[in-house]
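Listed below are the residues making up each chain.
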Amino acid sequence: MTQTESNAHFPNLFSPLRIGNLEVPNRFVVPALTTNFAEENGDVGDRLIDYLEARAAGGFGLVVTENLGVHASGRVMPRMGMADTDERIVHLARLAKAVKSHGALLFGQISHAGRQTRSKITGQPLLAPSPVPCPLNREMPLELTEEQIEMLVEAFASAAFRLQQAGFDGVEIHGAHGYLVAAFLSNYANKRQDDFGGSLENRMRFLLSIIALIRQKCGPDFPICVRLSVEEFVTDGLTSDETCEIASALEAAGVQAISASVGTYESFNRLSMITGEEEGRWLPLARRVKQAVSIPVMGVGRLKRPEVAEQALARDDMDFAAFGRASLADPDLPAKARAGREDTTVFCIGCNICLGRSSRPQSICPLNPALGDEARWRFMPAEKPLNLRVEGSSLASLTAAWVAAERGHTVDLMARPEAFGGMQSWRARVPGMQEYSEAIEAAWLRAKSAGVRAAEPGAESADLVWRETGELPLSPEILEIRPDAVPASSILVQDKLDEQDGDCVVFGSDVATTEAAIRLASAGRKTRLVTAMRDVAHDAHPGYREVSRNRLAELGVEVVTQADDWRDRLAAVEPGALIIAGEVTPQDVTPEPTENARADTEIVDAYEAGAMTSGIYAAADRALLL
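Note that this is a predicted model, so its numbers are computed, not measured.

Here we look at the pattern of salt bridges
Oppositely charged side chains can pair when the atoms bearing their charge come close. Under the criterion given, the structure shown has 34 salt bridges. Of the charged contacts, one joins Arg-79 and Glu-40 as a salt bridge, the two residues approaching to 3.5 Å between their closest N and O atoms. With Arg-79 in the loop between β5 (68-69) and α3 (89-100) and Glu-40 in the loop between β3 (28-30) and α2 (46-57), this pair connects stretches of sequence that are 39 residues apart. Arg-79 sits in the buried class, given a relative accessible area of 19%. A salt bridge links Arg-569 to Asp-565, with the nearest nitrogen and oxygen atoms 3.0 Å apart. Since its relative accessible area comes to 34%, Arg-569 is described here as partly exposed.

Listed below in structure tokens is the structure:
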């Protein structure tokens, strides 16, 4: 497909548009995403530069950095990039040079966490518009004095000026997600009785003061974007009506673009949508803001496919498409769309591992282990190419096979067609989780393109064999009490469940067992779920718990949590009912290596996304060192 043909396929996405006096080459945006890739002292270093440069090289027209701190009191994470002193400029300039060398524009997001951080991170008391603690962090902040407000206005404007000196193309003020600027804007967190609280005009005063001082320091030709939560989804929080008024006032003050997001810490699950939730969910809110202003509006809401963004642009829902987590999973998404190679795109599955729930402090991605480690992932040729046989087809096995092949090893993949994809293929059969099958296909295509061959049993011997292992969590006590119970895997592994009558009682609440209950109920079985835990999907990201609760309720599943008497309930289940055994209480069990296999030759498959990711990273690291 030629560039002209691709532009005809995605005419809006690949058309330029101006923000202020700047022309952005296309509508693909990398929005601000927390990664923890900065250095421990707050400088922008090689890791953050490599990460953002890879997205610019992949064709994104505008790259927005993650939140850069304007003052030490507003740090929100240990490895947060800072723009609080002139000494930072030289490091920020390296980032600007790297990103802009690929034709992309670079905006720096400037931020202060306000009450939504911890003093053990900032080293100082928390500061906020009012002494109202964040419901999640639960630490009482100090109410800002007017002198401190003036100091922070200066800090924001000085940070913007440093970014301008470093060669950034513009700045984005973080006025969303409950951070300091957002807290001033919202009655949810702003209870002041002075000129900075009460009426919307007063609540906007802090932000408008920042904008005015940036204009004074940086001049009229340095674009300012403001990120807003259009709806906060909390009591007394911002609504779209108020946000549209704010956006209109910002345009009048000289702001050249709005990034329309949603949520605060308390409503974070609304913001961090997960597998199965619709793409572009918040675009109607972006459209509302767009109708209130004449400046460009960036839309968010789990955008991952170019065709979805193209349709939204055509409907005039937004002017720019923010591909957040999608840009983590595949930095080359725009380039592949331009070349007509969408079938090779590795689309985000919404597992939310990138949000830092795993054991690693920085963002990671099970579909793209190179994330934040781009320098190491340049596939140096192996010193001694080997014949490798990988026995398994989970995402961990497919990733290991791909990496080994890219490094020059000869790789044969042995997998049973009916079980291709490992436990992720099981999960893809759960209503709402079908995206996992897409990830399996993408991982296999990536491996096959690198030279991985599909092998038949009995293939010629190899220099090295890696075998796949893994099993679902299971409380052994269930089988001791009721030998007629069957493991959750026996439900998940089935390609299709026949609709049947009869009761099902599921004991366990790990995500696999929870989703086995969802499959049974979806097949028409009357289902009850019992666990000693406080919630379902207890081992998964909080967003999965909320979605799982909703799905179970929609399906009419009776859920009994905190059941200390689960053993009595299990023993009392009537004969003939289908009993599903899972993890009723967390088990600290380390799986034993399979027979005739050594730990250093195993690839571990897992069902839950965090455990799955650990297996993928371990397998990928091994292949990089092979």
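Looking at the environment of Ile-49
Positionally, Ile-49 belongs in helix α2. Of the residues examined, Ile-49 reaches a relative accessible area of 4% and is grouped as buried. Setting aside residues up to four positions removed in sequence, Ile-49 forms contacts with Val-44, His-91, Arg-94, Leu-95 and Ala-98.

Some points on a negative patch on the surface
A cluster of acidic side chains, namely Glu-146, Glu-147, Glu-150 and Asp-195, defines a negative patch on the protein surface. Topologically, Glu-147 is positioned in helix α5 (residues 146-166). What makes Glu-147 exposed here is its relative accessible area of 58%.

Remarks on the pairing of strand β9 (residues 170-175)
Of all 6 residues making up β9, 6 are buried, and the element is well covered by its neighbours. The side-chain alternation of β9 yields two buried faces, one formed by Gly-170, Glu-172 and His-174 and the other by Val-171, Ile-173 and Gly-175.

Concerning empty space enclosed by the protein
Under the definition given, this model contains 3 cavities of 30 Å³ or more. Roughly 70 Å³ of volume is contained in the largest cavity. Taken together, 13 residues make up the lining of the largest cavity; nearest its centre are Arg-325, Cys-348, Cys-351, Cys-354 and Cys-365. Among the residues making up the lining of the largest cavity, the classes are represented as 10 nonpolar, 2 polar and 1 charged.

Considerations on the sheet that holds strand β20 (residues 526-530)
Taking strand neighbours across the sheet as the criterion, the 5 strands line up as β18-β22-β19-β20-β21 in an open arrangement whose pairing is parallel. Of all the strands in the sheet, the pair left with one neighbour each is β18 (486-487) and β21 (558-560). Of the strand pairs in this sheet, β18 and strand β22 (residues 578-581) are connected by 2 bridges, and their pairing is parallel. Residue Val-486 lies in a different strand from β22, and its bridge partner there is Ile-580.

Examining the side chain of Thr-264
One can find Thr-264 in the loop between β11 (257-261) and α10 (268-271). Within polar-contact distance, the side chain of Thr-264 engages the backbone nitrogen of Glu-266 at 3.2 Å. Excluding residues that lie within four positions of it along the chain, Thr-264 makes contacts with Gln-116, His-177, Gly-178, Tyr-188, Glu-232 and Val-234.

Let's talk about the sheet that holds strand β23 (residues 602-604)
Spatial ordering of the open sheet is given by β16-β15-β14-β17-β23, a layout of 5 strands whose pairing is parallel. Lying at the two open borders of the sheet, with one neighbouring strand each, are β16 (453-455) and β23. Between one strand axis and the next, the sheet turns through 30° on average, direction left out of account. Bridge analysis of strand β17 (residues 464-469) against β23 gives 3 bridges, and the strand direction is parallel. The partner of Glu-468 across the bridge, within β23, is Ile-603. Taken strand by strand, helix α15 (residues 395-406) contacts β14 (387-391), β15 (410-414), β17 and β23, and its axis lies near 160° from that of β15. Strand contacts of helix α23 (residues 609-625): β17 and β23, with the helix running at about 145° to β23, the strand carrying the most contacts.

Digging into the packing of aromatic side chains
Applying the stated rule across the entire model yields 14 aromatic pairs. With centroids separated by 6.2 Å and ring planes inclined at 90°, the aromatic side chains of Phe-28 and Phe-60 adopt a geometry described as edge-to-face. Pair noted here: Phe-28 is in strand β3 and Phe-60 is in the loop between α2 and β4 (62-64), with a separation of 32 residues, a long-range link. Per residue, the accessibility class of Phe-28 equals that of Phe-60, and both read buried. Centre to centre, the rings of Phe-37 and Tyr-51 are 5.3 Å apart; their planes meet at 75°, and the pair counts as edge-to-face. One end of the pair, Phe-37, is in the loop between β3 and α2; the other, Tyr-51, is in helix α2, with 14 residues separating them in the sequence.

Here's the deal with the packing of α5 against helix α8 (residues 205-218)
The contact between α5 and α8 brings their axes to 9 Å, and the two run at 40°. Classified by the interaxial angle, the pair formed by α5 and α8 is oblique. Relative to α8, the crossing made by α5 is right-handed. Two secondary-structure elements touch here, α5 through Ile-149, Leu-152, Val-153, Glu-154, Phe-156, Ala-157, Ser-158, Ala-160, Phe-161 and Gln-164 and α8 through Phe-206, Ser-209, Ile-210, Leu-213, Ile-214, Lys-217 and Cys-218.

Section: the nonpolar core
In this structure, Ile-110, Ile-173, Phe-206, Val-226, Ile-258 and Phe-323 are the most contacted members of the largest nonpolar core, which totals 169 residues. For Val-226, the residues in contact, after removing those within four places along its chain, are Ile-173, Leu-207, Ile-211, Leu-250, Val-255, Ala-257, Ile-258 and Ser-259. Ile-478, Val-560, Leu-570 and Ala-577 belong to the second-largest nonpolar core, a separate cluster that totals 14 residues.

Focus on the pairing of strand β6 (residues 105-111)
Here β6 lies mainly inside the structure; 7 of its 7 residues are buried. Burial of β6 is two-sided: the residues Leu-105, Phe-107, Gln-109 and Ser-111 facing one way and the residues Leu-106, Gly-108 and Ile-110 facing the other way are all buried. One ladder, built from 4 bridges, connects β6 with β9; its direction is parallel. Bridging across to β9, Ile-110 finds its partner in Ile-173.

Conventions used here
Residues take numbers from 1 onward in each chain, read along the sequence in its written order. Two thresholds apply to this predicted model, a pLDDT of at least 70 for residue-level local features and 80 or more for giving and counting side-chain atom pairs, whereas whole-chain, interface and lining totals are computed over all residues. Hydrogens and water molecules were not included; the side-chain quantities draw on all heavy atoms of the structure. Each salt bridge in this description consists of a side-chain nitrogen of Lys or Arg and a carboxyl oxygen of Asp or Glu lying within 4 Å of one another. Going along the chain from the N terminus, every DSSP run of H or I of four or more residues is numbered as a helix, and every run of E of two or more is numbered as a strand. Buried means the residue's accessible area, taken with a 1.4 Å probe over protein chains only, is under 20% of the maximum for its type, while exposed means over 50%, and partly exposed covers the values in between. Every residue pair with non-hydrogen atoms within 4.5 Å of one another is taken to be in contact. Within this analysis, patches are made of residues with over 30% relative accessible area and no salt bridge. Like charges are joined at 9 Å or less; nonpolar side chains (Val, Leu, Ile, Met, Phe, Trp, Tyr) at 5 Å or less. For accessible areas, the Shrake-Rupley method is used with a probe of radius 1.4 Å. Any residue's cover is judged against the shown protein chains and nothing else. Under the convention used here, Asp and Glu are negative, Lys and Arg are positive, and both His and the chain ends fall outside the count. A charge is said to be at NZ when it belongs to Lys, at CZ for Arg, at CG for Asp and at CD for Glu. Definitions used throughout: a 1 Å grid over protein atoms alone; a cavity as a set of points that fits a 1.4 Å probe which cannot get out; a pocket as an open set with protein on both sides within 12 Å along at least five of seven lines; a lining residue as one with an atom within 4 Å of a point. Grid points are joined across faces, edges and corners, and a volume is the space filled by probe spheres set on the points. Only Asp, Glu, Lys and Arg are considered charged in this grouping, and only Ala, Val, Leu, Ile, Met, Phe, Trp, Tyr, Cys and Pro are considered nonpolar; every other residue, Gly among them, is considered polar. Pairing between strands is defined by DSSP: at least two bridges between the two strands are required. Between N or O atoms, a polar contact is any pair within 3.5 Å; within protein, one atom must be a potential hydrogen donor and the other a potential acceptor, and residues adjacent in sequence are included only when both atoms are from side chains. Axis lines are fitted to C-alpha atoms, over the contacting stretch for helices. Their N-to-C directions set the angle, which ranges from 0 to 180 degrees. Between 30 and 60 degrees the pair is tilted, below 30 it is stacked and above 60 it is edge-to-face, where a pair is any two Phe, Tyr or Trp rings, Trp via its six-membered ring, whose centres lie within 6.5 Å. Oblique is the label for every angle not falling under 35 degrees (roughly parallel), over 145 degrees (roughly antiparallel), or within 65 to 115 degrees (roughly perpendicular). Each crossing gets its hand from how the near helix is turned against the far one by less than a right angle, where anticlockwise is left-handed and clockwise is right-handed. Residues belong to one nonpolar core when they are buried, are Ala, Val, Leu, Ile, Met, Phe, Trp, Tyr or Cys, and are joined through side-chain atoms within 4.5 Å.

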